[in-house]
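Chain residues, written in single-letter form:
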Amino acid sequence: MTERLLTARDLRVSFHTRDGDNQAVRGVSFHIDAGETVGIVGESGSGKSVTARAIMSLIQPPGELIGGEIEFRGELLNELPERKWRKIRGNQIAMVFQDPMTSLNPVKKIGQQMIEVIRRHRGLGQEAAKQEAIRLLREVGISDPERRIGQYPHEFSGGMRQRVMIAMALSCQPELLIADEPTTALDVTIQAQILELFKRLKDNPDTAVILITHDLGVVAQVCTRVIVMYGGMIMEEAPVEDLFYRPQHPYTIGLLRSVPKRGGGTRERLVPIEGTPPDLLDPPPGCPFITRCPHAMDKCKELPPMFHIGPGHRSLCWLAEKDHPTVEEVGAGEGNTDV
Amino acid sequence: MSETAERNVLVDVRNLKKHFSKGKNVWGRTTEVLKAVDGVSFQIRRGETFGLVGESGSGKSTVGRCLLRLYDYTDGEVRFDGHDLTKLGEKALKPFRRRIQSIFQDPYSSLNPGMNVLDLIGEPMNIHGLYPGEERKEAVAALLERVGLKREHLYRYPHEFSGGQRQRISIARALSVRPDFVVCDEPISALDVSVQAQVVNMLEDLQAEFGLTYLFVAHDLSMVRHISDRIGVMYRGRLVEVADSDELYDNPLHPYTKALLSAIPIPDPRAANARIVWTGEPEDAERPPLREMAPGHYAALPE
């Protein structure tokens, strides 16, 4: 029995710039159930981070949430005043950012920063908060936490700082944790440690996780469900097995083909997606992938609806329409003929 | 090494060391030394791609910069096509400056924003006196087309291009003086996944067309395997393993290489990562030199 935690409906975010409105997020709808780990993948400019910030109500001028609804546990968040928002942020929804160097106060001890958060959000006394901080640091895999809480951020390595950030985010026992590229700035061996932490969180039924990344390997290893974004829209959404073994959207297929295969020998030619992502100051009217898609047809100038393919699997592509041939049937490159 | 193998070597690095001073006392004497590169030896054969991998601080970029003589090295020697570059002054070095070119990670900071594409690509030609006068524009336009851009782009400025396009301009600039050897320092890590493959394929095509030799420095291990013929793994200023790339990935010998490879998240939800953890060697431990464990496979393991 799954419990609906968060529903986003038709989110739209624009950044008002001198050159016009950059439509970073253009009608994004999805949901998160309690306890699940959902990956949002996309390239830079796909709108994945902006979507996360919109959920946290952290869009600041020149950016503006111009449309859509965010419902969390039956309550509409986007109508809340900032005062109420502060209670939700941290207590129920917490966020971890890419760069742990800039998110910690460099002149305060780690313990002090954690205790402050725990006391404010959970109303514990000084001593109880300290014990909780030690427990959390141990849980995220920091050895000797009793000594570590007396140290400053510069005495921690990048990976440890990121673990401290995750511990702080978890300290308020949020129902939803949003992690925006939490391992991108880290070395692979450190990344592996952080990913193990997320794998353990996946089994925790009290905390749902949205993991934003551009790395398909990270998604495959950690997430149960995946949302693929491109040009400010959701292209495909699927359970992780379906996404990697039965991808439907040409963009997802292209993305999977453009990374070197595991076990594939050297010099096996990569299959890139030609062209560049759309300019969101003036996006194409139909499918955002139309200019790079090997299957583009006349119909693609009109934006397709989300087609349901299977349980939890949807694709924003005309090829997913009932009477249309599937991508496999069309074959690579043949779809271009009717443009 | 046999004589033919000797002739096949384009870049020969012998016991290269580069130390930086970390702290100085009041008399300006160095009190603390950072051994970024501490005794590295390897050879790059003509026409091959040698990958150099390691984590931040391992010294891999410093090796690349030493080969470009952007740094003077502390000790050791670098021979290029049989010539010892170690002691050459700037004037004697100039012909080699043409033959050795570089492509850097960040296409946003490595191109002068005040120059248009024609000047950017033409600048190295100016310095080395290639394609004077009327030929210049034609040569630059031909190069632009070769890297997948258009003739119309000649008078545009870097800010008008995307990251992938800028990296193409950097590549055209490096190739403008017909080099033999290109040091590619993280050339794709700033690019989007779908654009990385475009640039990697192009680097491979250009290599075949112009007979280029690459040093490919990167931290993305799956891409390094894809592009490299041989790979060296660096750890704390030293090479701990050198082997053909398939051999290195299928049969790693050094515990650090094993840890590094097992940490790559596999883009397949059915394949679980079996992570191997290596705690590293103590700071003051004696570090064994590279030894040949199998033909062409070297590892720094204790006897």
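Cut-offs applied
Residues numbered from 1 in each chain as written. Chains lettered and ligands numbered in written order. Predicted model: local features only at pLDDT ≥ 70, side-chain atom pairs only at ≥ 80, totals over all residues. Heavy atoms only, no water. Helix = DSSP H or I, 4+ residues; strand = E, 2+ residues; numbered from the N terminus. Rg over C-alpha atoms; globule rule 2.2 N^0.38 Å. Buried < 20%, exposed > 50% of the residue type's maximum accessible area, 1.4 Å probe, protein only. Areas by Shrake-Rupley, 256 points an atom, 1.4 Å probe, with all protein chains shown as cover. Pairing = 2+ DSSP bridges. Expected span 1.5 Å × (residues − 1). pLDDT = per-residue confidence, 0-100. Contact = heavy atoms within 4.5 Å. Phe/Tyr/Trp six-rings, centres within 6.5 Å; stacked < 30°, edge-to-face > 60°. Lys NZ or Arg CZ within 6 Å of the ring centre and 35° of its normal. Core = buried A, V, L, I, M, F, W, Y, C linked by side-chain atoms within 4.5 Å. Buried area = accessible area lost by both parts, 1.4 Å probe. Salt bridge = Lys/Arg side-chain N within 4 Å of Asp/Glu carboxyl O. Polar contact = N/O pair within 3.5 Å; in protein donor to acceptor, adjacent residues only side chain to side chain. Axes fitted to C-alpha atoms, helices over the stretch in contact; angles between N-to-C directions. Parallel < 35°, antiparallel > 145°, perpendicular 65-115°, else oblique. Left-handed = near helix turned anticlockwise from the far one by under 90°.

Is there a simple way to explain the overall build of chain A in this structure?
Tallying secondary structure elements over chain A gives twelve helices and twelve strands in all. Relative to a compact globule of 339 residues, whose C-alpha radius of gyration would be 20 Å, chain A shows 21 Å and is just as compact. Projected onto its principal axes, the C-alpha coordinates of chain A cover approximately 70 × 50 × 45 Å. Within the span of chain A, comprising 339 residues, buried residues form 53% of the whole. Summing over all exposed atoms, chain A offers an accessible surface of approximately 15200 Å²; the carbon and sulfur share of this is 50%.

What should I look at first to understand the pairing of strand S2 (residues 20-33) of chain A in this one?
Here is the key point about a regular strand: its side chains alternate between the two faces of the sheet. Residues and elements named next belong to chain A. In the sheet, strand S1 (residues 4-17) pairs with S2 via ten bridges, with the strands oriented antiparallel. Bridging across to S2, phenylalanine 15 finds its partner in asparagine 22. Turn length for the S1-S2 hairpin, with the two strands adjacent in sequence and antiparallel, is two residues.

I tried to follow helix H8 (residues 188-202) of chain A on my own but got confused; where do I start?
Helical periodicity: at 3.6 residues per turn, an α-helix aligns residues three or four positions apart in one direction. The terminal C-alpha atoms of H8(A) lie 20 Å apart, and with 15 residues this matches the ideal 21 Å at 1.5 Å per residue to within 8%. Those residues of H8(A) that fall on the buried side of the exposure criterion are A:Val188, A:Thr189, A:Gln191, A:Ala192, A:Ile194, A:Leu195, A:Leu197, A:Phe198 and A:Leu201.

When you look at the confidence of the model for chain A in this model, what are you seeing that I'm missing?
Reading fine detail from the predicted coordinates is not recommended where pLDDT is low. Of all residues in chain A, 93% attain a pLDDT of 70 or more, and the chain-wide mean is 86. Across residues 329-339 of chain A, confidence stays below pLDDT 50; counting only partners more than four residues off in sequence or on other chains, it has 20 contacts.

Would you mind going over the packing of aromatic side chains with me for this structure?
The description of two aromatic rings rests on the distance between their centres and on the angle between their planes. Counted under the stated rule, the structure contains eleven aromatic pairs over all chains. When the ring of A:Tyr230 is compared with that of A:Phe289, the centres are 5.3 Å apart and the planes differ by 90°; the resulting orientation is edge-to-face. Remark: A:Phe289 occurs in the loop between helix H11 (250-257) and strand S11 (307-310) and A:Tyr230 occurs in strand S9 (residues 225-230); sequence separation between them is 59 residues. For the pair B:Phe20 and B:Tyr71, a centre-to-centre distance of 5.3 Å together with 80° between the ring planes defines the contact as edge-to-face. Here the residue B:Phe20 occupies a position in strand S1 (residues 9-24), and B:Tyr71 occupies one in the loop between helix H2 (60-67) and strand S4 (75-80), the gap between them amounting to 51 residues. We classify B:Tyr71 as partly exposed; its relative accessible area is 23%. One cation-aromatic arrangement involves A:Lys299 over A:Trp318; the distance from NZ or CZ to the ring centre is 4.3 Å. Above the face of the B:Phe20 ring, B:Lys18 is positioned so that its terminal group lies 5.0 Å from the ring centre.

Can you help me understand the environment of B:Ala190 in this one?
Residues and elements named next belong to chain B. On the secondary structure map, alanine 190 appears in the loop between strand S7 (181-185) and helix H7 (193-210). Sequence separation between alanine 190 and lysine 22 is 168 residues, and the spatial gap between their C-alpha atoms is 29 Å. Each residue touching alanine 190, except ones within four places of it in the same chain, is listed here: Gln105 and Pro107.

Explain the pairing of strand S3 (residues 37-41) of chain A here, please?
Residue and element names in this part refer to chain A. Across the five residues of S3, five count as buried, placing the element largely inside the fold. Pairing analysis gives five bridges linking S3 to strand S8 (residues 208-213), with the strands arranged parallel. Bridging across to S8, glycine 39 finds its partner in leucine 211. Of the pairings in the sheet, the one linking S3 to S9 comprises four bridges and is parallel in character. Opposite glycine 39, over in S9, you have valine 226 as the bridge partner.

Explain the nonpolar core here, please?
Proteins that are soluble and globular tend to have nonpolar side chains buried together. With 66 residues, the main nonpolar core has A:Met114, A:Val164, A:Leu177, A:Phe198 and A:Tyr251 as its most contacted residues. For this core, the element with the most residues is helix H7 (residues 158-171) of chain A, which contributes eight residues. Not counting chain neighbours up to four residues away, the residues in contact with A:Leu177 comprise A:Ala94, A:Met95, A:Val96, A:Ala169, A:Leu170, A:Phe198, A:Leu201, A:Thr207, A:Ala208, A:Val209 and A:Ile210. Membership of the second largest hydrophobic core comes to 58 residues, among which are B:Leu118, B:Leu154, B:Phe161 and B:Ala243.

What is the right way to read the interface of chain B and chain A from this model?
How big an interface is tends to be reported as the loss of accessible area on association of its parts. Contact with chain B, which involves 38 residues of that partner, is made by 41 residues of chain A. Interface area, chain B with chain A, both sides summed: about 3500 Å², of which 52% is carbon and sulfur. Scanning the region where chain B abuts chain A turns up four salt bridges. Where chain B touches chain A, the interface holds 14 residue pairs in polar contact (both at pLDDT 80 or more). Contributing elements (two or more residues each) for the side of chain B that touches chain A: H7, helix H8 (221-227), helix H9 (245-250) and helix H10 (255-262) of chain B. Looking at which element gives the most residues to the side of chain B that touches chain A, the answer is H7(B), with ten residues.

Mind showing me how you'd approach the sheet that holds strand S2 (residues 30-45) of chain B here?
Backbone-to-backbone hydrogen bonds join strands into a sheet, with any given pair of strands oriented parallel or antiparallel. Residues and elements named next belong to chain B. If you trace the four strands from one edge of the open sheet to the other, you get S2-S1-S4-S5, paired in antiparallel fashion. Each edge of the open sheet is held by one strand with a lone partner, namely S2 and strand S5 (83-84). In this structure, S1 lies alongside S2, joined through twelve bridges in antiparallel fashion. Across the sheet, the residue bridging to glycine 23 is glutamate 32, located in S2. Contacts between H2 and the sheet are confined to S1, S2 and S4, with S1 contributing the most and set at about 115° to the helix.

I would appreciate a short explanation of the side chain of B:Gln196 in the present structure.
Checked against the element boundaries, B:Gln196 lands in helix H7. Contact partners of B:Gln196, with chain neighbours within four places excluded, come to B:Ile188, B:Ser189, B:Leu191, B:Asp220 and B:Met223.

Can you walk me through the packing of helix H4 (residues 117-127) of chain B against helix H5 (residues 135-146) of chain B in this structure?
A packed helix pair is summarised by two numbers, namely the angle formed by the two axes and the spacing between the axes. Residue and element names in this part refer to chain B. Following both chains from N to C, one finds H4 and H5 inclined at 110°, their axes separated by 10 Å at the closest point. One finds that H4 runs roughly perpendicular with respect to H5. Classified by chirality, the crossing of H5 by H4 is right-handed. Residues Val117, Leu118, Ile121, Gly122, Met125 and Asn126 of H4 lie in contact with H5, whose contacting residues are Arg136, Lys137, Ala139, Val140, Leu143 and Leu144.

I tried to follow the pattern of salt bridges on my own but got confused; where do I start?
Pairing between side chains of opposite charge can happen when their charged atoms approach one another. In total, this model carries 41 salt bridges over all chains according to the counting rule given. A salt bridge links A:Arg269 to B:Glu204, with the nearest nitrogen and oxygen atoms 3.9 Å apart. Of this pair, A:Arg269 sits in the loop between H11 and S11 while B:Glu204 is found in helix H7, placing the two residues in two different chains. As a salt-bridge pair, B:Asp72 and B:Arg69 come within 3.1 Å of each other at their nearest N and O atoms.

Any chance you could explain the side chain of B:His254 here in plain terms?
In this structure, B:His254 sits in the loop between H9 and H10. For B:His254, a relative accessible area of 3% puts it in the buried group.

Can you walk me through the sheet that holds strand S12 (residues 313-315) of chain A in this structure?
Residues and elements named next belong to chain A. Read across the open sheet, the eight strands follow the order S6-S7-S8-S3-S9-S10-S12-S11; overall the sheet is mixed. Because the sheet does not close on itself, it has two edges, and the strands there are strand S6 (93-96) and S11. Averaged over neighbouring strand pairs, the angle between their axes works out to 20° when direction is ignored. Where S11 meets S12, three bridges bridge the pair, whose relative direction is antiparallel. Bridge pairing links histidine 308 to arginine 314 in S12. Along the sheet face, helix H1 (residues 48-55) touches S3, S6, strand S7 (176-180), S8 and S9 and points at about 150° away from the line of S8. Along the sheet, H7 makes contact with S6 and S7, crossing S6 at roughly 175°.

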